[in-house]
Amino acid sequence: TLTDQDGKSITLAELGKGKKYTIIDFWASWCHPCRMEIPNFKKIYAAYADKGLQIISISIDKDEAAWKKALSEEKMAWPSYLDRNGVASLYNVRAIPAIFLIDAQGKLVSDKLRGESLADKLAELLK
C-alpha cells in the first residue's frame, strides 16, 4: 500500500490493474542517477502509456518536503508515491535507482534495465 502526496492510499495491484506492463521505479530526490532517469521515463510513458504501460514512481525520501519539491520540478505524468510503509524493503531494494518491469500477472520481467535498454525491451514487448 502506498500513499500519494494528498494522503490517499492505494495498492500496487490497483495501480497496475488492466495494464500489460508496469514499471516500478524506486528513487529519491537526492539521487542524481534517479533524476537522470526521469527524462527516459517521460519518453517511454509518452510512447507506451496508451498501449498498456503504467509507471509507478516510489520515493524512498525521508524528507517529504524534498520529495514534493522534486515532484514539482520533474512534473511526472504518472503516479508517484512516498514510501511510508517499507515497500522498498518488500522489493529488496538495496540501491537506487531500482527499476522493476512487471507483467500483467505480476511476474518480474526484468530488474536490470534502464535508459535505452528499457525502452528497447518495451518496444519489443508492446509492438
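Residues numbered from 1 in each chain as written. Predicted model: local features only at pLDDT ≥ 70, side-chain atom pairs only at ≥ 80, totals over all residues. Heavy atoms only, no water.

*Asks:* Where do I start with the overall build of the protein in this structure?
*Replies:* When its secondary structure is counted, the protein shows 5 helices and 7 strands. Its C-alpha radius of gyration of 13 Å places the protein within 12% of the 14 Å reference for a compact globule of 127 residues. Along the first, second and third principal axes, the C-alpha atoms of the protein reach 40 × 25 × 25 Å. Of the contacts formed within the protein by residues at least 6 apart in sequence, a portion of 68% connects residues at least 24 apart. Charge centroids of the protein, computed over 19 positive and 17 negative side chains, lie 3 Å from each other. (Helix = DSSP H or I, 4+ residues; strand = E, 2+ residues; numbered from the N terminus. Rg over C-alpha atoms; globule rule 2.2 N^0.38 Å. Contact = heavy atoms within 4.5 Å. Lys, Arg positive; Asp, Glu negative; His and termini not counted. Charge placed at Lys NZ, Arg CZ, Asp CG, Glu CD.)

*Asks:* Hey, could you run me through the pattern of salt bridges in this one?
*Replies:* Any two side chains of opposite charge can pair, on the condition that their charged atoms come close. One pass over the structure, following the stated rule, counts 8 salt bridges. Here glutamate 73 and arginine 35 are joined by a salt bridge, their closest N and O atoms 2.7 Å apart. Residue glutamate 73 is found in helix H3 (residues 64–74), and its partner arginine 35 is found in helix H2 (residues 32–48); the two are separated by 38 residues along the sequence. Look at arginine 35 and you get buried, because its relative accessible area is 18%. (Salt bridge = Lys/Arg side-chain N within 4 Å of Asp/Glu carboxyl O. Buried < 20%, exposed > 50% of the residue type's maximum accessible area, 1.4 Å probe, protein only.)

*Asks:* It is not clear to me how H2 should be interpreted in this structure. Could you clarify?
*Replies:* The periodicity of an α-helix, 3.6 residues per turn, causes residues three or four places apart in sequence to face the same way. Its 17 residues place the ends of H2 25 Å apart at the C-alpha level, agreeing with the 24 Å of an ideal helix rising 1.5 Å per residue. Check the buried side of H2 and you find it contacts strand E3 (21–27), strand E4 (53–59), H3, strand E6 (98–103) and helix H5 (115–125). (Expected span 1.5 Å × (residues − 1).)

*Asks:* How should I be thinking about H5 in this particular structure?
*Replies:* Looking at H5, one finds that the buried residues are Gly115, Leu118, Ala119 and Leu122. Buried residues of H5 fall within an arc of 100 degrees about the axis and therefore sit on the same side. Opposite the packed face of H5, turned more than 90 degrees from it, sit the exposed residues Glu116 and Asp120. Taken together, the buried residues of H5 touch E3, H2, E4 and E6. (Arc of directions from axis to C-beta.)

*Asks:* Is there a simple way to think about the environment of lysine 112 in this case?
*Replies:* Positionally, lysine 112 belongs in the loop between strand E7 (108–110) and H5. Expressed as a C-alpha distance, the spacing of lysine 112 and phenylalanine 100, which sit 12 residues apart in the sequence, is 7.6 Å.

*Asks:* I'm lost on the pairing of E4 in this one. Help?
*Replies:* Looking along a regular strand, one sees side chains alternate from face to face of the sheet. Among the 7 residues in E4, 7 count as buried, and that is most of the element. Taking every second residue as pointing to the same face, both faces of E4 are buried, with Leu53, Ile55, Ser57 and Ser59 on one and Gln54, Ile56 and Ile58 on the other. Sheet analysis places E3 next to E4, joined by 7 bridges and oriented parallel. Among the inter-strand pairings, tyrosine 21 is bridged to a residue of E4, identified as leucine 53. The pairing of E4 with strand E5 (residues 80–82) spans 3 bridges and is parallel. Within E5, the residue paired with serine 59 across the bridge is leucine 82. (Pairing = 2+ DSSP bridges.)

*Asks:* Explain the environment of alanine 104 here, please?
*Replies:* Secondary-structure assignment places alanine 104 in the loop between E6 and E7. When sequence neighbours within four positions are dropped, the list of residues in contact with alanine 104 reads Lys19 and Lys20.

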